[in-house]
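A structural walkthrough
Spelled out, the chains give:
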Amino acid sequence: MPDGNVTVILQGKKRFRIDSVVSEMPYITANIREVAEKKPGKLDTEFLAITDSIKELAIQIIKESPNIPTEATFAIKNIESQSFLINFVTSNMNLLVEEKQTLLSINALKERALETLRYMNLELQKLELKNDIQSRVRFDLDQQQREYFLHQQMKTIQEELGGVSQEEEMDEMSLKAKTKKWDAKPKHILRKNWLKCAE
């Protein structure tokens with residue numbers, strides 16, 4: 001990687017348990033036992049609906065997340081195996097390793113799919129909330145910048161037209177107003193309007 005770290009991507013082919021470790025050097029070798037999945041029937045409409053929802057939610061999460069490349073949607077759309085889809089999504093979710101391991105160790109595929117869907121819903125809600133907060137902050141900043149820019153433009157135009165800025169003009173009028181003798185009512189109205197202009 002650009003920062004000097006090494007990233008290794010592993011893809012599991014099957015779920016298994018380690019019976020015994022044979023050796024650890026130069027890499028781990030072990031005797032294993034395959035863990036058969038408890039799969040639902042082909043006509044289980046609820047399971048089909050769950051896997052469809054997983055696919056749709058995965059695509060939504062990819063769209064909402066700035067850290068996941070949009071190309072990942074093609075990978076999700078092209079997965080045909082329901083078992084592979086569930087395991088692929090589970091292993092790529094923003095979860096702790098222990099949480100992923102707990103999910104992947106659920107033997108019944110339908111139950112694992114439901115748990116995966118639950119975690120995905122939580123992930124999507126967090127992403128939407130985060131994006132909403134960021135867009136509101138960005139809007140406030142943009143509004144402030146817009147107002148500042150327009151104010152600066154007005155100031156420049158006034159200086160070009162009259163030779164004096166709005167602030168200088170207001171200061172001049174304020175000095176003139178102080179030298180005049182006003183009745184109480186006009187003085188109060190003038191002061192009220194002056195404060196509005198100053199805002």
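Our subject is the structure listed above.
Our subject in this report is the structure included herewith. (Residues numbered from 1 in each chain as written. Predicted model: local features only at pLDDT ≥ 70, side-chain atom pairs only at ≥ 80, totals over all residues. Heavy atoms only, no water.)

Any pair of aromatic rings gets described here by the distance separating the centres and the angle formed by the planes. Following the criterion strictly, the structure yields 1 aromatic pair and no others. Both rings, one in Phe-84 and one in Phe-88, keep their centres 5.9 Å apart while their planes meet at 20°; by these two values the pair is stacked. You can see Phe-84 and its partner Phe-88 sitting in helix α3 (residues 82-92), 4 residues apart, about one turn around the helix. A relative accessible area of 32% places Phe-84 in the partly exposed class. Note that Arg-118 overlies the ring of Tyr-119, its terminal NZ or CZ placed 5.0 Å from the centroid. (Phe/Tyr/Trp six-rings, centres within 6.5 Å; stacked < 30°, edge-to-face > 60°. Helix = DSSP H or I, 4+ residues; strand = E, 2+ residues; numbered from the N terminus. Buried < 20%, exposed > 50% of the residue type's maximum accessible area, 1.4 Å probe, protein only. Lys NZ or Arg CZ within 6 Å of the ring centre and 35° of its normal.)

Judged by nonpolar contacts, the single largest core of 24 residues is most densely connected at Ile-54, Ile-76, Val-89, Met-93 and Met-120. Listed by contribution, the elements that provide at least two residues to this core are α1 (45-64), α3 and α5 (109-162). Of the residues forming this core, the biggest block, 8 residues, is contributed by α1. With sequence-adjacent residues up to four places away left out, Met-120 is seen in contact with Ile-54, Leu-57, Ala-58, Ile-61, Val-89 and Met-93. (Core = buried A, V, L, I, M, F, W, Y, C linked by side-chain atoms within 4.5 Å. Contact = heavy atoms within 4.5 Å.)

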